[in-house]
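Overview (structure and organization)
If you want the building blocks of each chain, they are given just below.
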Amino acid sequence: MTILVTGASGFIGSYIVEEGLRKGHEMWAGVRGSSSRNYLKDDRIRFAELDFSNPQKLRAQLEGYRQQMGGKKWDVIVHAAGATKCLHEKDFYRVNTEGTRNLVEALRAADMTPDRFVFISSLSIYGAIRENPTEDNKPWIYSPILNTDTPQPNTAYGRSKLEAEKYLQSLTDFPFTILRPTGVYGPREKDYFLMASSIAGHVDFAVGYRPQEITFVYVMDVVQAVFRCMQAPQAVGRAYFLSDGQVYHSRRFSDLLQQEMGVKCVLHIKAPLWFLRVVCRISTRLSKITGKMSALNNDKYHILSQRNWQCDIEPARRDFGYEPKWPLERGVKAAVEWYKQEGWL
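Here is a short report on the structure shown in this document. In this text the structure is predicted, and so the values were computed from the model without any measurement. (Residues numbered from 1 in each chain as written. Predicted model: local features only at pLDDT ≥ 70, side-chain atom pairs only at ≥ 80, totals over all residues. Heavy atoms only, no water.)

1. Brief notes about the nonpolar core
Nonpolar side chains tend toward joint burial in soluble globular proteins. In this structure, Val78, Leu179 and Phe320 are the most contacted members of the largest nonpolar core, which totals 68 residues. Contacts of Val78, omitting those with residues within four sequence positions, involve Ile3, Leu4, Val5, Thr6, Ile16, Val118, Ile120, Val226 and Met230. Leu50, Trp74, Ala106 and Leu107 belong to the second-largest nonpolar core, a separate cluster that totals 28 residues. (Core = buried A, V, L, I, M, F, W, Y, C linked by side-chain atoms within 4.5 Å. Buried < 20%, exposed > 50% of the residue type's maximum accessible area, 1.4 Å probe, protein only. Contact = heavy atoms within 4.5 Å.)

Next up, the structure:
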């Protein structure tokens, strides 16, 4: 197959490109002119510079690449491009919502609709729901978020991804599949690395005193889902959660990091949510003044304060044979080994 991966220079996108090459597909890396190509050095990769902010220019770019392919189109497009951090809320919509709409409309106008369009969304579109304890409480306090639940996103990122989903779902003749991973981690990922870096400095910071039940998915399990769903007819027009199939208490990730890094003593600090709220508000205001993004912002407050991150992956198992192969213990070990090899730790 001929596959285009947008956001190919990013964390998830670069792994999708690598896996596609390993499977023998013709892989196109969708990038911006300024994108880093550190993880896209294989000579077999073909590049497509795409401007999602300019519909007319984008259509011309797509038509140019179609000529390069001898009049063919991409069989599959994996839309992994997106913004997870922005100074202003409108920028999330510009990139995640309008960028997706512009791409799809340009594809249709250029007669380049693929056989499958896989959209990488997020569990964040649902927000802090199902946070009341269940009656039986065994083994977990909260119940999993379901596809049938009504999304209530509490972050600008989640709202922009939800609007992109709604746009795709409004189309009657466009073969999309939506994947909604929970927290994705692994080598090359920078946000979870901050936790590793903090633990290396003997400090682990957490917030909130109510129990928190969280989920994770290793990057290669997301990649597995991408390639499985793109060939499953029953996945057309549907959306799926992705996790490793397990639920963890709030400290499990940091404890595994400490174990794999061999850090002897760690000071575990748990702060109240009001304290985090104050810090995030101040940090957000400073970011707007300086023009530099901070790891702590209003979106991050809602992410850290959310208590329930459980989700139901049974539909993905049923419809395209998704089966997680990377439990947290294995994934954290691989991530830490990579951090050390690359000199991050």
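2. Things to note about a nonpolar patch on the surface
On the surface, Phe205, Leu267, Ile269, Trp274, Phe275, Val278, Ile282, Leu286 and Ile289 cluster together into a nonpolar patch covering about 920 Å² of accessible area. Elements that contribute at least two residues to the nonpolar patch include exactly β13 (267–271) and α8 (273–290). Considering each element in turn, the nonpolar patch owes the most residues, six residues, to α8. (Patch = residues over 30% accessible without salt bridge, like charges linked within 9 Å, V, L, I, M, F, W, Y side chains within 5 Å. Areas by Shrake-Rupley, 256 points an atom, 1.4 Å probe, with all protein chains shown as cover. Salt bridge = Lys/Arg side-chain N within 4 Å of Asp/Glu carboxyl O. Helix = DSSP H or I, 4+ residues; strand = E, 2+ residues; numbered from the N terminus.)

3. Quick word on the pattern of salt bridges
All told, the structure shown has 24 salt bridges when counted by the stated rule. For the salt bridge of Glu63 with Arg59, the shortest nitrogen-to-oxygen distance reads 3.0 Å. Taken together, the positions of Glu63 and Arg59, both in helix α2 (residues 55–68) and four residues apart, correspond to about one turn of that helix. For Asp319, the salt bridge goes to Arg238, with nearest N and O atoms at 2.8 Å. Placement of Asp319 in helix α10 (residues 314–320) and of Arg238 in the loop between α6 (219–229) and β11 (239–242) is noted, with a sequence separation of 81 residues between them.

4. With respect to the pairing of strand β6 (residues 176–181)
Most of β6 sits inside the fold, with six of its six residues counted as buried. In β6, alternate side chains face the same way, and those of Phe176, Ile178 and Arg180 on one face and Thr177, Leu179 and Pro181 on the other are all buried. Across four bridges, the pairing between strand β5 (residues 116–120) and β6 is parallel. Bridge assignment links Phe119 to a residue of β6, and that residue is Ile178. As judged from the four bridges shared by β6 and β11, these two strands associate in the parallel manner. Opposite Arg180, over in β11, you have Phe241 as the bridge partner. (Pairing = 2+ DSSP bridges.)

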